[in-house]
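Architecture and fold: a report
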Amino acid sequence: PGDRRAEARAIVQKISELRDAQPAATIAVLVVARMHAPPIMAAFEAARIPAIGVDLVPLGELSIVRDLVALVRALHHLGDRIAWLTVLRAPWCGISLASLTQLSQLRDPQLLWEAMANEQRLAACDPVDAARIARIRDVLQQALNARDLLPLAEWLESTWLRLGGADAYPAEDLLHARAFFTALSDLVARGEWRGPQDLASLLADLFTQPRACGANPVQVMTIHRAKGLEFDHVFLPSLDRALNRDREPLLRWLDLPRDTGGDDLSDLLMAP
């Protein structure tokens, strides 16, 4: 117990033997939690055994999606300084930290959107950064002007494309952006979009989709995800590992003695 790499190697070795004996057999490795999967996936890669992770990597953890989320938040609220800083640091712009310091300072009275048009501040930025800022501001100004003229997902995607988003990330990441746009479009079509506060729930059930990696790959997924599926061989690693569940109590309470004293004279505060 505890040597996860040795456990992963043992599983891969056994699966390699099964592959030699039964090439057409379906095989799955079911983990209790997603965090248990990385050493197993690494062992498959080292052994060059085709394997795919199913619903293991949340879409919201990918940089391309995080940048899109920041773009939504920034365009929704000009005062969201963190979102605007993320937009200016994203690959489609890539402003240096030194220039960002000129645009956004501690307790800055100006919005970043305002600072991006401030000639005095732009003059203090690196000339290359200043040119990038001017281009980004023009694109985003056009987007703000057209905000109510297009469906949300279509408007966001066209803005992202004009920013150069499709050219700023590896080609394989563009599928993740497409999944985000599609999910956002579906949410709006159902009438359930209220604003950026819905992004967390939107991303909660979105995961990267496995890419084809050979015929009949080993599938790695959580036990919960495998409900209703059938495989010829199933491996269940890390069953001895404790999960980080129930670390917080269902209820917290505090006894507050009253001024009059006495064991039975106290107020009880309870909260979930």
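Up top is the structure these notes are about.
In this text, all values refer to a predicted model and were calculated from it rather than measured experimentally. (Residues numbered from 1 in each chain as written. Predicted model: local features only at pLDDT ≥ 70, side-chain atom pairs only at ≥ 80, totals over all residues. Heavy atoms only, no water.)

A closer look at the environment of L152
As a reminder, the rule being used: Runs of E in the DSSP output that reach at least two residues are strands. Runs of H or I that reach at least four are helices, and both are numbered from the N terminus. Whether two residues are in contact is decided by their heavy atoms: any pair within 4.5 Å suffices.
Mapped onto the elements, L152 comes out in helix 9 (residues 152-163). As a C-alpha pair, L152 and A8 span 144 residues in sequence and 44 Å in three-dimensional space. In this structure, L152 is in contact with L184, V188 and W193, ignoring residues within four places of it in sequence.

Thoughts on the sheet that holds strand 4 (residues 233-235)
For sheets, the rule is that strands pair by backbone hydrogen bonds, running either parallel or antiparallel. Rules: Strands qualify as paired when DSSP identifies two bridges or more between them. Simply put, an axis is a line fit to the C-alpha atoms, just over the touching stretch for a helix, and the angle between two N-to-C directions goes from 0 to 180 degrees.
With parallel pairing, 4 strands are arranged side by side in an open sheet as 2-3-1-4. Two strands lie at the open edges of the sheet, namely strand 2 (51-53) and strand 4, each paired on one side alone. Here the strands of the sheet are splayed against their neighbours by 25 degrees on average, with no regard to which way each runs. Sheet topology places strand 1 (residues 27-31) next to strand 3 (residues 218-222); 4 bridges connect them, and they run parallel. Its bridge partner lying in strand 3, A28 is registered against Q219. Relative to strand 2, helix 2 (residues 38-47) is tilted by about 155 degrees, and along the sheet it contacts strand 1, strand 2 and strand 3.

Some details on a nonpolar patch on the surface
To be explicit about the condition: Patch criteria: residues need more than 30% relative accessible area and no salt bridge. Like-charged residues are merged within 9 Å; nonpolar side chains of Val, Leu, Ile, Met, Phe, Trp and Tyr are merged within 5 Å. For every accessible area listed, the method is Shrake-Rupley and the probe measures 1.4 Å; residues are considered covered only by the protein chains on display. We define a salt bridge as a contact between a side-chain nitrogen of Lys or Arg and a carboxyl oxygen of Asp or Glu at a distance within 4 Å. The cut-offs for exposure are 20% and 50% of the maximum accessible area for each residue type, with area from a 1.4 Å probe on protein chains only; residues under the lower value are buried, those over the upper are exposed, and the others partly exposed.
On the surface, L250, L251, W253, L268 and M270 cluster together into a nonpolar patch covering about 620 Å² of accessible area. Locating L250 in the fold gives a position in the loop between strand 4 and strand 5 (252-257). Residue classification places L250 among the exposed positions, given a relative accessible area of 79%.

A word on the pairing of strand 1
For strand 1, the buried fraction is high: 5 of the 5 residues fall into the buried class. Residues I27, V29 and V31 point to one face of strand 1 and A28 and L30 to the other, with burial holding for every one of them. Relative to strand 4, strand 1 is paired through 3 bridges, and the arrangement is parallel. Following the sheet pairing, V29 is matched in strand 4 by F235.

Concerning the packing of aromatic side chains
How two aromatic rings sit relative to each other is set out by the distance from centre to centre and by the angle between their planes. Rules: Each Phe, Tyr or Trp ring, with Trp reduced to its six-membered ring, pairs with another whose centre is within 6.5 Å; inter-plane angles below 30 degrees give stacked pairs, above 60 give edge-to-face pairs, and intermediate values give tilted ones.
Within the structure shown, the criterion is met by 3 aromatic pairs. Measuring from ring centre to ring centre gives 5.6 Å for W160 and F181, while their planes differ by 65 degrees; the resulting arrangement is edge-to-face. Taken as a pair, W160 in helix 9 and F181 in helix 10 (residues 174-189) lie far apart in primary sequence, 21 residues in all. Accessibility expressed as a relative area gives 3% for F181, which makes it buried. Ring pairing ties together the aromatic residues W160, F180 and F181, which thus form one cluster.

No statement about biological role is implied by the geometric values presented.
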